[in-house]
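Structural overview
Each chain is listed here by its residues.
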Amino acid sequence: MRRLLTDPRLGFGCLALLTAAIIVLVFDQCEYARAAREKTMRSHETLNHLYLLMEHISGAESGARGFLLTGRDDYLTFYEHATGNVEKTGALAAVTKETDPIQGQIKKELEAINELTRDSLEQQNKVVLLAERLRKKIDHMNDMVRIAWAESMEAAHRFMRDSAGKRLMDQVKATADDMLNYERAQLKAKQKEEERAERRVTELLMLLAAVMIFSLATTLAILQRDHRRFQRMENSLHELTSFQDAVLNSSHYAIIVTDTHGVVRLFNPAAARMLGYASNEVVGKETLHRFHDAEESTERAKELSAELNETVDPGFEVFAKKAAMMGWEEREWIYQRKNGTLFPGVLTMTPTYDGRGYITGYLAVIRDHTEHKKIDSMRNELITTVSREINAPLTAVHGVLGLLLGNSAGELPDKAQKMVTHAHDHSAQLKSLIDHLLDMEKIESGQVRFDRKALAVDDLLQQVVNEHKALAERKQVRIAFRPDARGVRIVGDAARFKQAMANLLVNAVAFSPKGEKVVITSECTPQGVRVSVVNP
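Residues numbered from 1 in each chain as written. Predicted model: local features only at pLDDT ≥ 70, side-chain atom pairs only at ≥ 80, totals over all residues. Heavy atoms only, no water.

1. Regarding the pattern of salt bridges
Per the stated rule, a full pass over the model turns up 26 salt bridges. With a shortest N-O distance of 3.6 Å, E303 and R331 are connected by a salt bridge. Residue E303 is located in helix α11 (residues 294–308), and its partner R331 is located in strand β3 (residues 329–336); the two are separated by 28 residues in the primary sequence. Measuring nitrogen to oxygen at the nearest pair gives 3.3 Å for the salt bridge that ties E467 to K498. Separated by 31 residues along the polypeptide, E467 in helix α15 (residues 457–467) and K498 in helix α17 (residues 494–510) bring together distant segments of the chain. Overall, the relative accessible area of 30% leaves E467 in the partly exposed class. Each member of the salt-bridge network shares a partner with another, and the members are R300, E303, E329 and R331. (Salt bridge = Lys/Arg side-chain N within 4 Å of Asp/Glu carboxyl O. Helix = DSSP H or I, 4+ residues; strand = E, 2+ residues; numbered from the N terminus. Buried < 20%, exposed > 50% of the residue type's maximum accessible area, 1.4 Å probe, protein only.)

Encoded structure:
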């Protein structure tokens, strides 16, 4: 015992081997008892089928005799059920020398007896003898019924009064009784064998229980010895838990832990401050969906349903679906405090797993995005203000430089031409950058506006061509404008139209070989006006 306590692996190894050996013996004896029980059941079934066989043959004989004595066909119902040799029309079935007269329920019972006694040669021999005697008895009854139909009832009565039928029936009963007596004796022996097997199983189970009790006592002794070590481990775990609680309590982010259905299981102080709820108001009572704007959740559910091609519930599933699929998801939502006020927040959703890799819940971390939104809005407003203040004069300067390069004010000296060209190029780059900043700001803030007016297409195209002639000359590329929509007006934003055409033209010039030609055409179509910019 002391050795077991000092070296638990040795003790548990010995106990495991002993337990395994006993379990093997238990299983072996259980299998032996099961086989004995199965043999007992087979004997019971054999006896049952023998009783049923004798009942069917007796019923068949009674039916045949009742028919001969009364002349009523309904007595043949018992005969037909037992032997299967009479059709419902009342006509005797064709039974030739080549056809086995044993049919119907008698055949089924005889086949069952033959199957059940297949492991007993003695019983098998008796089955063969019983089958032969049944054939003779059934042939005799068939002949008796056939004579009644083919000749007369008187002839059938004379045939019935012959003692052959009784003698054949006595032979069948004698064989069946012999089989019954043999099977009863076998049944007693098998029952005793089954009892012995069950006794051995009980004894082995008691031994196994004793070994298990001993194992339990040994385990308790080892546990008692290791109690202090486990106490130290528990203290360490408590320290770690305290540290985790300190992290949760000191975090400025709202940390919410839920189960797989979204019910809140942990609600840190930052979450309470951010959302206005006390921990005991939500833990175990509310889901994460409680803090979100219902309209926004419904819209997001529709988006996810279309994206994933499956129905997504507008409740907690809206937040957990993508996180479960991808491992995490971060998205901005509108949150509602207890007092009804709304604020933007960024939700990072991460599933938690057990040791087998199954999702056990979700960790939701919410960052208040209010200040970020304010700063972002101020930045956008600053960019917009600066861009607009610079854009107006820059556009004028760029246009004037373009006119100068086009020799609208007369031909410039070579040195002046180079300086104006350099200034024009840089003003174009700066103007493009400001335009892009303005467009991005408008798109992000949702403030894109179009100044829709009636526009002369060819006039605007001519302006674009004039503004970029200098660029084309520097690239040694010609611009050919072929207007075919003179006088045609469209409704649109002139600045946006010119910006789009300028982008197309600049790209065409930039990627055209020297000496080639870029062709701009406008033409009227049934659908409207088509503008094409084609380079080689």
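2. Focus on the packing of aromatic side chains
Taken as a whole and judged by the stated rule, the model has 6 aromatic pairs. Summarising the aromatic geometry, the rings of Y335 and F343 are spaced 5.7 Å apart at their centres and angled 25° between planes, so their arrangement reads as stacked. The burial state of Y335 is the same as that of F343; both residues are buried. Members of the aromatic cluster, connected to one another through ring pairs, are F267, Y277 and F291. For the cation-ring pair, R331 lies above W333, with the distance from its terminal atom to the ring centre recorded as 5.5 Å. (Phe/Tyr/Trp six-rings, centres within 6.5 Å; stacked < 30°, edge-to-face > 60°. Lys NZ or Arg CZ within 6 Å of the ring centre and 35° of its normal.)

3. So, the confidence of the model for the protein chain
When the pLDDT values of the protein chain are averaged, the result is 79; 85% of them are 70 or greater. For the protein chain, per-element mean pLDDT is lowest for helix α1 (residues 2–6), which scores 52, and highest for strand β4 (residues 342–353), which scores 89. Here residues 87–98 scores under 50 on pLDDT; set against residues more than four positions off or in separate chains, the count is 17 contacts. (pLDDT = per-residue confidence, 0-100. Contact = heavy atoms within 4.5 Å.)

4. Considering the sheet that holds strand β1 (residues 254–259)
The strand order across the open sheet built from 5 strands is β2-β1-β5-β4-β3, with neighbouring strands paired in antiparallel fashion. Only two strands of the sheet have a single neighbouring strand rather than two, namely β2 (264–267) and β3. Taking each pair of neighbouring strands and ignoring which way they run, the sheet shows an average axis angle of 30°. Where β3 meets β4, 8 bridges bridge the pair, whose relative direction is antiparallel. Note that in β4 the partner of I334 across the bridge is P344. Strands β3, β4 and β5 (359–368) of the sheet are contacted by helix α12 (residues 317–326), whose axis makes an angle of about 170° with β3. (Pairing = 2+ DSSP bridges. Axes fitted to C-alpha atoms, helices over the stretch in contact; angles between N-to-C directions.)

5. Some words on unusual backbone geometry
The phi dihedral of N309 is positive, around 60°, even though this residue is not glycine. Within the secondary structure layout, N309 lies in the loop between α11 and α12. A positive phi is found at Q476, a non-glycine position, where the angle reads about 55°. Mapping Q476 onto the fold places it in the loop between α16 (469–474) and β7 (478–482).

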